[in-house]
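# Structural characterization, general
The primary structure of each chain is shown beneath.
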Amino acid sequence: MQVFCDFDGTISIGDATDQVLSRFADPDWETIEQEWSRGSIGSAECMRRQIALVRTTPHDLDAFLDTVPIDPGFPAFLTVCKARGIPVTVVSDGVGYFIRRILARHNIFDLPIIANVLARRQEPEGVVYSLDQPFADRTCNAGSGVCKCAVVEDAGWTVYIGDGRSDFCVSDKADIVFAKDKLAEHCSRQAIPFIKFDTFTDLLPRMTSILSNETRSYRAWTQSRIA
């Protein structure tokens, strides 16, 4: 079993990337967001254009990231997975640097993170930020900067945890899906079996129950357990 987990809005309280953009980016970032919401552009292009609008010093960026909270139940979830020998990977269409900084502030240092890569250079007018996307895939239906389907495929028996639109495509590729908010709505509309959760505190006992039933098929388990 492997666990793959979204970050923004799933591990973090609220969307950390949007919080950074709200604090430091030119207001045009919201216009770009609307283009993405309408389907005019993919999320990869959306993120590249938005990050290019960020104007702040590395010091101020770090200070802000240090204020971003995470779900209080996430560390306990990691502890249980580690005790069971279950690898957990963060897979996000957000920014890897943001994720690492936020997790480090909460004393989480050793999680593999698959995400967009922040780059910066010093120009006369100040620091200019850009985004590299080594995990993009030309065939990605969502046009994502990180193709989550490509990450999860061939990973064996998988658990996926997410909350939003970037998780839609991958939600029918995992064996078990924990979903909340927009992802839960999507799974309901598409008749994709999922387990609803609100926080990692209520997710954990359900995960523990799954671990005790590993030898049973997921479909059978969902039919008997999900109300």
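Cut-off values and rules
Residues numbered from 1 in each chain as written. Predicted model: local features only at pLDDT ≥ 70, side-chain atom pairs only at ≥ 80, totals over all residues. Heavy atoms only, no water. pLDDT = per-residue confidence, 0-100. Contact = heavy atoms within 4.5 Å. Core = buried A, V, L, I, M, F, W, Y, C linked by side-chain atoms within 4.5 Å. Buried < 20%, exposed > 50% of the residue type's maximum accessible area, 1.4 Å probe, protein only. Helix = DSSP H or I, 4+ residues; strand = E, 2+ residues; numbered from the N terminus. Axes fitted to C-alpha atoms, helices over the stretch in contact; angles between N-to-C directions. Parallel < 35°, antiparallel > 145°, perpendicular 65-115°, else oblique. Nonpolar A, V, L, I, M, F, W, Y, C, P; charged D, E, K, R; others polar. Salt bridge = Lys/Arg side-chain N within 4 Å of Asp/Glu carboxyl O.

## Section: the confidence of the model for the protein
Detailed reading of the predicted coordinates is not advisable wherever pLDDT is low. Residues of the protein with pLDDT of at least 70 account for 93%, and the chain-wide mean is 90. Across residues 215-219 the pLDDT falls below 50, and counting only partners more than four positions away or on other chains, this stretch makes nine contacts in the model. Residue range residues 221-227 is modelled with pLDDT below 50. Its contacts to residues more than four positions away, or to other chains, number 13 contacts.

## Digging into the nonpolar core
In this structure, F74, F77, I161 and F178 are the most contacted members of the largest nonpolar core, which totals 50 residues. Ranked by the residues each element gives to this core, the list is headed by helix α9 (residues 200-211), at six residues. Setting aside its immediate chain neighbours within four residues, F77 contacts V3, V88, I161, F200, L203, L204 and M207. Membership of the second largest hydrophobic core comes to 21 residues, among which are V91, I114, A174 and A179.

## With respect to the packing of helix α2 (residues 28-38) against helix α3 (residues 43-51)
The axes of two packed helices give the description: the angle between them and the distance between them. Where α2 contacts α3, the axes come no closer than 10 Å and their chain directions differ by 180°. For the element pair α2 / α3, the angle class is roughly antiparallel. Listed contacts from α3 to W29, I32, E33, E35 and W36 of α2 are S43, C46, R49 and Q50. A class-by-class count of the residues in the contact of α2 with α3 yields four nonpolar, two polar and three charged.

## Points about the pattern of salt bridges
Opposite charge on two side chains permits pairing when their charged atoms draw close. With the rule as written, the count across this model stands at nine salt bridges. The residue R101 makes a salt bridge to D62 at a minimum N-O spacing of 3.4 Å. Note that R101 is positioned in helix α6 (residues 96-105) and D62 in helix α4 (residues 58-65), a separation of 39 residues in sequence. For the salt bridge of D198 with K196, the shortest nitrogen-to-oxygen distance reads 3.4 Å. Assessed through its relative accessible area of 44%, K196 is described here as partly exposed. One salt-bridge network, in which partners are shared between bridges, spans D6, K148 and D167.

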